[in-house]
Amino acid sequence: MRPLTFRKLLFQCFFLLVILFFVVVVALKFGAVPVSLYALGRDLLRVILGQSSQISSDYGLIIQNIRLPRIILGIIVGASLSVAGTSFQALLRNPLADPYVLGVSSGAALGAILSLIAEPHLVLPPAFGALLTPLCAFLGAAVTITAVYFLGRRQGQIDSNTLLLGGVITASFLSAVIVFLMSLVNSSNTRGMVFWLMGNLSTSFQKSIYWFLAAGFFIAIGVIYSTANDLNILLAGEKEAMHLGVDVRHVRFLVYLAASLLTGLAVSVSGAVGYVGLFVPHVMRLMFGSDHRTLLPTSALGGAIAVVVADTLARLVVAPNELPVGAVTAVVGAPLFIYLLRRRLA
Amino acid sequence: MSPSRGSAAPRTPPESARLGTEIRLAVEQVSYAYSANPTQAPLFTLEATSFQARPGEIVAILGPNASGKSTLLQLIAGVLSPLSGRVLLDGFVIHSLSPRTRAQRIAMVQQESRLLFPARVWQFVLQGRHAHGRSLRFESHDDILIAQNALLQVGAAELSDRWMDQLSGGEKQRVVLARALAQRPLLLLLDEPTLHLDIASQVGLLDALRRLCAHSRYTVIVVTHELNLAAEYADQILLMHRGRCLRVGPPAAIYQRELLEQVFQVPLKVEMRGHGRPRVTILSDS
């Protein structure tokens, strides 16, 4: 017996943190405008020392105001979507569950769009106005996962194939509604169809949004992580889990809520980036095993790495133009989905 | 319910001294009804059932399919709440305990669903320790010792590092029993534990169970179709038929030809053997 220890967990996370650091440096260096490693190091040091006013070069501005916020956004979005995917996979006992495949991302996108359409007509204090979109995205996500959960139930039990089909159909339906709404409303502040349907990290936000994102992110991940042992046992089935002392209803409610929050937050700032929650947990399981005490933090870091890499590629492949980041993740994720589906049916 | 109808000699079990008089499990007039939705008539009902079990006792629940055996077991496990009546474990009403408290006292061995992701045997057995710690934690030295000991008790210590999906049926069932033992329960519930096992594995499992009962004073409730194994190993038999508990009593009192033929709908022969354990032979029609 070699049970998981805290040291082992720290070691695994440290390993991924080092990779994330290198990925971030690479993402900062490459782009439409080349930046030397020396200038990059100098400017980063200044940002860390709080002397950002001394950064004068154009390169520095690109780094600080364009690439760095985008990378931070990528880290939060990637980590949120992977942890949400891991949670859905455990609760639904389905290794193919993912916020995008289940339609939860589309539900969140629809919620966000509705809030953007409604916002100009509402009289709200400005502080609340900025938070309306993430909140509506969260509601959209929560309503969608509830609907898909009930679509996937047959005779009181979750049926994997019905669930996946229900999710895919829901996603397609919601996308149609999104396209319809976006064609009706042609205002400048609704960001555009490709943003919501494919995902994009190029929008920049006010500072308060980043803080709100980070806070929601840490709360939701904390809640899910506190149930890590319960999730391990839930993989054996809800009945078995009950006999082993898991308060199944309580855990299910908490984790669905937190996973919807993560999806809602991510989608409200980046649109529906697909398949991250599918392939990242899968790779992490192969590397570190399926214990959720390891899987949740490593998936968060892995998701951050994956989205930052995908977004860097999205910026570089057709430079000086850009691809939506969701196109890159889908190119990797969709074939993997097919592979996993075929293997499971075999 | 009368324990005997007189045709079989009341036995004086040699175990009576071992069992003592303390009552561990008391099932008091428990009933249940299952319906697809609240407005429809119930599809299945379990009529008021009562019995008691002492520490170290093995109780077998017998009956044909759909007789209410598994429902009764779920009620005892506390995952279903009875429509009326109550189930007491050492004086506490089981279904009002929290899932965690329940799992510290009651362990269930049932047909396992397929595992979603591969797991090692030791990881599986350690799941039994879940109810004994706070939710988020790492296994303590004690947990590991208890899990190793549980594997030893069922004779599966050498399986510890194997993958769960590479075990044979008999090995797997012993590992599942080990996980239940790792819960350190008072009450051990088994739902058809010998299903899909070959004869040697069946006897091996039940011998292990009897040893554990005598040694650790578990109260064991087992649902089974195996009339002869139940007669051989059980101290008490509960005979169920169409949602009703027909009889409770020692095997010698329950195993009567007319009664068993009526319940199981097959012609059969009952022989009484020397040590008060009956044996049933199924007679084919031809």
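Residues numbered from 1 in each chain as written. Chains lettered and ligands numbered in written order. Predicted model: local features only at pLDDT ≥ 70, side-chain atom pairs only at ≥ 80, totals over all residues.

Caption draft 1: Examining the overall build of chain A more closely. Assigned secondary structure in chain A consists of 14 helices and two strands. Computed over the C-alpha atoms, the radius of gyration of chain A is 20 Å, within 12% of the 20 Å expected from 2.2 N^0.38 for a compact globule of 346 residues. Considering only C-alpha atoms, chain A reaches an extent of 65 × 55 × 40 Å along its principal axes. Counting over 346 residues, chain A shows a buried share of 49%. For chain A, long-range pairs separated by at least 24 residues make up 77% of all intrachain contacts whose partners lie at least 6 apart in sequence. (Helix = DSSP H or I, 4+ residues; strand = E, 2+ residues; numbered from the N terminus. Rg over C-alpha atoms; globule rule 2.2 N^0.38 Å. Buried ≥ 20, exposed ≤ 12 C-beta atoms within 10 Å, placed from the backbone. Contact = placed C-beta atoms within 7 Å.)

Caption draft 2: Focus on the overall build of chain B. Of the regular secondary structure elements, chain B holds ten helices and twelve strands. Compactness check: chain B gives a C-alpha radius of gyration of 19 Å against a globular reference of 19 Å for 286 residues, within 12% of the reference. In terms of its C-alpha atoms, chain B occupies a principal-axis envelope of roughly 55 × 50 × 40 Å. By residue count, 42% of the 286 residues in chain B fall in the buried class.

Caption draft 3: Structural view of the packing of helix α5 (residues 141-153) of chain B against helix α6 (residues 169-182) of chain B. Residues and elements named next belong to chain B. Orientation of α5 relative to α6, taken along the N-to-C sense of each, is 135°, at an axis distance of 8 Å. Regarding the angle of α5 to α6, the classification is oblique. Two packed elements cross with a definite hand, and for α5 against α6 that hand is right-handed. On α6, the residues that touch I146, A147, A150, L151 and Q153 of α5 are A178, L181 and A182. (Axes fitted to C-alpha atoms, helices over the stretch in contact; angles between N-to-C directions. Parallel < 35°, antiparallel > 145°, perpendicular 65-115°, else oblique. Left-handed = near helix turned anticlockwise from the far one by under 90°.)

Caption draft 4: Main features of the confidence of the model for chain A. Scored by pLDDT, chain A has a mean of 86; 92% of the residues are at 70 or more. Here helix α2 (residues 37-48) of chain A stands out as the least confident element of chain A, with mean pLDDT 72; helix α13 (residues 292-316) of chain A is the most confident, with 94. (pLDDT = per-residue confidence, 0-100.)

Caption draft 5: A look at the environment of L238(B). All names here are of chain B. With respect to the element layout, L238 can be found in strand β9 (residues 236-241). Remark: the alpha-carbon pair of L238 and G63, spanning 175 residues in sequence, is separated by 8.4 Å. When neighbours within four sequence positions are excluded, L238 is seen to be in contact with F51, V59, I61, L62, C245 and V248.

Caption draft 6: Inspection of the sheet that holds strand β3 (residues 58-62) of chain B at higher detail. Residue and element names in this part refer to chain B. Pairing is mixed across the open sheet formed by six strands, whose spatial order is β6-β7-β8-β3-β9-β10. The sheet is open, and its two borders are formed by β6 (106-109) and β10 (244-249), each paired with just one other strand. In this sheet, adjacent strand axes meet at a mean angle of 15° when their direction is disregarded. As judged from the five bridges shared by strand β7 (residues 187-191) and strand β8 (residues 219-223), these two strands associate in the parallel manner. When the bridges of β8 are listed, L190 appears paired with V222. Together, β6 and β7 form the strand contacts of α6, whose direction differs from that of β6 by roughly 170°. (Pairing = 2+ DSSP bridges.)

Caption draft 7: Highlighting α5(B). Residues and elements named next belong to chain B. Under the 1.5 Å per step criterion, the end-to-end length of α5 is 18 Å for 13 residues, consistent within 8% with the ideal 18 Å. Taken together, the buried positions of α5 are occupied by D143, I146, A147, A150 and L151. All buried residues of α5 lie within an arc of 135° about the axis, which places them on one face of the element. Along α5, the residues that are exposed and aim more than 90 degrees away from the buried face are H141, D142 and L145. Buried residues in α5 make contact with α4 (121-126) and α6. At the C-terminal side of α5, G155 shows a positive phi close to 70°. (Expected span 1.5 Å × (residues − 1). Arc of directions from axis to C-beta.)

Caption draft 8: Looking closely at the pairing of β10(B). Taken together, the five bridges between β9(B) and β10(B) define a ladder with antiparallel strand orientation. The residue of β10(B) that forms the bridge with M240(B) is C245(B).

Caption draft 9: Examining the interface of chain A and chain B more closely. Contact with chain A, which involves 26 residues of that partner, is made by 28 residues of chain B. If you list the elements that add at least two residues to the side of chain A that touches chain B, you get α8 (207-226), α9 (228-234) and α10 (238-243) of chain A. A per-element tally of the side of chain A that touches chain B places α9(A) first, with four residues. Residue classes in the side of chain A that touches chain B are distributed as 13 nonpolar, eight polar and five charged. (Nonpolar A, V, L, I, M, F, W, Y, C, P; charged D, E, K, R; others polar.)

Caption draft 10: Just the nonpolar core, in detail. Within the largest apolar cluster, 176 residues are counted, with the highest numbers of intra-cluster contacts made by L262(A), V308(A), V125(B), A178(B), L189(B) and V220(B). It is helix α3 (residues 58-91) of chain A that provides the largest number of residues to this core, a total of 13 residues. Non-local contacts of L262(A), meaning those with residues more than four positions away in its chain, are made with S80(A), V83(A), A84(A), F217(A) and A220(A). (Core = buried A, V, L, I, M, F, W, Y, C linked by C-beta atoms within 7 Å.)

Caption draft 11: The arrangement of the sheet that holds strand β5 (residues 92-93) of chain B in detail. All names here are of chain B. Judged by pairing direction, the sheet is antiparallel, and its four strands sit side by side in the order β2-β1-β4-β5 without closing on themselves. The sheet terminates laterally at β2 (44-53) and β5, the two strands that pair on one side only. Bridge count for strand β1 (residues 25-34) against strand β4 (residues 84-89) is five bridges, and the pairing is antiparallel. Paired with A26 across the bridge in β4 is L88.

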